[in-house]
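Geometric and topological summary
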Amino acid sequence: MSEILVKEISMLFIKNRSVLLKYAFSLTKSKEEAEDIVHDSYINMYKNASSFNRGTNFNHWAKKIIKNLFIDALRKRKNIQEVEIKDYHKGVCTNAGVAIIDNSDLYKVIDSFSKENKKIVILYMQGYKREEIAKQVKWSIDKLNSRLHKLKKILKEELKEKKI
């Protein structure tokens, strides 16, 4: 690992720390948790400095690390059985299979789903793996995949009708 690269990452981290804290706070909704995740992300950046390509967007790389740490923290929590449905309106879709959007029409469509369907869509949007979602709702992975496919199709059709 190049000492110059580590110094460059440290300088970029210091320069962009407030932006990274705001991003972490948008995920955690807690100042303390955001600070912890940003601190952990710096350690992660140091350990994985060789994966940073000079000339690429540092903030994108750093935010990806922060998002992954946030998801890991969620998975470690013991009481993730219940999703706070009222809070999902505040976020954006982060799953790679869903475009990143922040649109009230999307939430209106999701609100029209049953509680169970709403839960799996929200967990999917938050980046949970399908296996984890299936375990939480006590379904087979095949049933979950089928349901997610149908729900994503409904979302796509509804949003297309609204020209989004």
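These numbers come from a predicted model, not from an experiment.

Here is what the cut-offs are and how they apply
Residues numbered from 1 in each chain as written. Predicted model: local features only at pLDDT ≥ 70, side-chain atom pairs only at ≥ 80, totals over all residues. Heavy atoms only, no water. Buried < 20%, exposed > 50% of the residue type's maximum accessible area, 1.4 Å probe, protein only. Helix = DSSP H or I, 4+ residues; strand = E, 2+ residues; numbered from the N terminus. Polar contact = N/O pair within 3.5 Å; in protein donor to acceptor, adjacent residues only side chain to side chain. pLDDT = per-residue confidence, 0-100. Contact = heavy atoms within 4.5 Å. Phe/Tyr/Trp six-rings, centres within 6.5 Å; stacked < 30°, edge-to-face > 60°. Expected span 1.5 Å × (residues − 1). Bend = angle between axes of the 7 residues up to and from the residue.

Side note on helix α5 (residues 115-125)
Counting buried positions along α5 yields nine of eleven residues, so the element is predominantly enclosed. Looking at α5, one finds that the buried residues are N117, K118, K119, I120, V121, I122, L123, Y124 and M125. Remark: G127 follows α5 within two positions and exhibits a positive phi of approximately 95°.

Remarks on the environment of S26
The residue S26 is located in helix α1 (residues 3-28) in this model. Residue S26 is classed as partly exposed on the basis of its relative accessible area of 36%. Looking at S26, its side chain comes within polar contact range of the main-chain oxygen of Y23, at 2.6 Å.

Some words on unusual backbone geometry
For K29, which is not glycine, the phi dihedral falls at a positive 60°. Along the chain, K29 falls in the loop between α1 and α2 (31-47). A residue is classified by how much of its surface remains accessible, and K29, at 44% relative accessible area, is partly exposed.

Looking at the confidence of the model for the chain
It should be kept in mind that the predicted coordinates are not to be read in detail where pLDDT is low. On average, residues of the chain score 79 in pLDDT, and 80% of them reach the 70 mark or higher. The model gives residues 79-102 a pLDDT under 50, and that stretch makes 49 contacts with residues more than four places away or in other chains.

Here we look at the packing of aromatic side chains
Throughout the structure, instances matching the rule amount to four aromatic pairs. Measuring from ring centre to ring centre gives 4.6 Å for F13 and Y42, while their planes differ by 45°; the resulting arrangement is tilted. With a gap of 29 residues between them, F13 in helix α1 and Y42 in helix α2 connect regions that are remote in the sequence. Here F13 falls in the buried class, since its relative accessible area comes to 7%. Exposure remark for Y42: the relative accessible area of 29% places this residue in the partly exposed category. Relative to W61, the ring of F58 has its centre 6.0 Å away and its plane inclined at 55°; by these criteria the two rings are tilted. With F58 and W61 both in helix α3 (residues 58-76) and three residues apart, this pair spans about one turn of that helix. Taking the relative accessible area as the measure of exposure, F58 reaches 5% and is therefore buried. Judged by relative accessible area, W61 falls into the buried class, the value being 14%. Ring pairs connect the aromatic residues F52, F58 and W61, which therefore count as one cluster.

What to know about α1
Under the 1.5 Å per step criterion, the end-to-end length of α1 is only 32 Å for 26 residues, more than 12% shorter than the ideal 38 Å. Of all the bends found along α1, the most pronounced is centred on N16 and spans about 65°. Of the residues making up α1, those classed as buried are L5, V6, I9, S10, F13, N16, L20, Y23, A24 and T28. The secondary structure elements touched by the buried residues of α1 are α2 and α3. Just downstream of α1 lies K29, where phi reads positive at about 60°.

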